[in-house]
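# Architecture and fold: a report
Listed below, chain by chain, are the residues.
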Amino acid sequence: AFQLPALGTFGNLGKNSLRAPGSFNWDMGLFRNFSITEQWKLQFRAEFFNALNHVNPGAPVSSVGSGGFGSITSAADPRIGQLALKVSF
């Protein structure tokens, strides 16, 4: 269905005819502040990226001459979480 145009011509495929699949990503963060003394404060943070762990496929191979043209061979990062403590004085 797809082939390279003749040498010196542009081809007839319209703009944005080949698009990557959509992306669904939900990041969230929670934190709690604790007062130790009047001057010392402690903050606990929990942050999650792609919290629902939804698969976000990468862009398909767009090189027409490639044997894997149109196939998706990658994905975005899975769920990532980080915890932190912050001391203010």
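Not measured: the values here are computed from a predicted model.

Moving on: the pairing of strand S1 (residues 28–35). Within S1, only zero of the eight residues are buried, which leaves it mostly out in the open. Taking the residues that link successive antiparallel strands as the turn, the S1-strand S2 (residues 41–49) hairpin has five residues.

In this fold, Asn 12 is placed in the segment before S1. Linking Asn 12 and Lys 86, residues 74 residues apart in sequence, is a C-alpha distance of 58 Å.

Moving on, we get to the pattern of salt bridges. For the structure on display, the rule yields one salt bridge. For Arg 45, the salt bridge is made with Glu 47, and the minimal N-O distance between the two is 3.4 Å.

With a phi angle near 55°, Asn 50 is a residue other than glycine that sits in the positive phi range. In this fold, Asn 50 is placed in the loop between S2 and strand S3 (80–88). A positive phi angle is found at Asn 53, which is not glycine, with a value near 55°.

What follows covers the environment of Phe 24. Mapped onto the elements of the fold, Phe 24 is located in the segment before S1. Taking the relative accessible area as the measure of exposure, Phe 24 reaches 42% and is therefore partly exposed. Along the backbone, Phe 24 and Asn 53 are 29 residues apart, and their C-alpha atoms lie at a distance of 9.5 Å. Here Phe 24 is in contact with Asn 50, Leu 52, His 54 and Asn 56, once residues within four sequence places are set aside.

Attention shifts here to a nonpolar patch on the surface. On the surface, a cluster of nonpolar side chains totalling about 480 Å² of accessible area is made up of Phe 2, Leu 4, Leu 13, Leu 18 and Val 64. In this fold, Leu 13 is placed in the segment before S1.

All right, on to the sheet that holds S1 then. The strand order across the open sheet formed by three strands is S1-S2-S3, and the pairing between neighbours is antiparallel. Because the sheet does not close on itself, it has two edges, and the strands there are S1 and S3. Strand-to-strand twist across the sheet, computed as the mean angle between neighbouring axes with direction ignored, equals 10°. Note that S1 and S2 share eight bridges and pair antiparallel. Across the sheet, Met 28 pairs through a bridge with Phe 48, a residue of S2.

Definitions and limits used
Residues numbered from 1 in each chain as written. Predicted model: local features only at pLDDT ≥ 70, side-chain atom pairs only at ≥ 80, totals over all residues. Heavy atoms only, no water. Buried < 20%, exposed > 50% of the residue type's maximum accessible area, 1.4 Å probe, protein only. Helix = DSSP H or I, 4+ residues; strand = E, 2+ residues; numbered from the N terminus. Pairing = 2+ DSSP bridges. Salt bridge = Lys/Arg side-chain N within 4 Å of Asp/Glu carboxyl O. Contact = heavy atoms within 4.5 Å. Patch = residues over 30% accessible without salt bridge, like charges linked within 9 Å, V, L, I, M, F, W, Y side chains within 5 Å. Areas by Shrake-Rupley, 256 points an atom, 1.4 Å probe, with all protein chains shown as cover. Axes fitted to C-alpha atoms, helices over the stretch in contact; angles between N-to-C directions.

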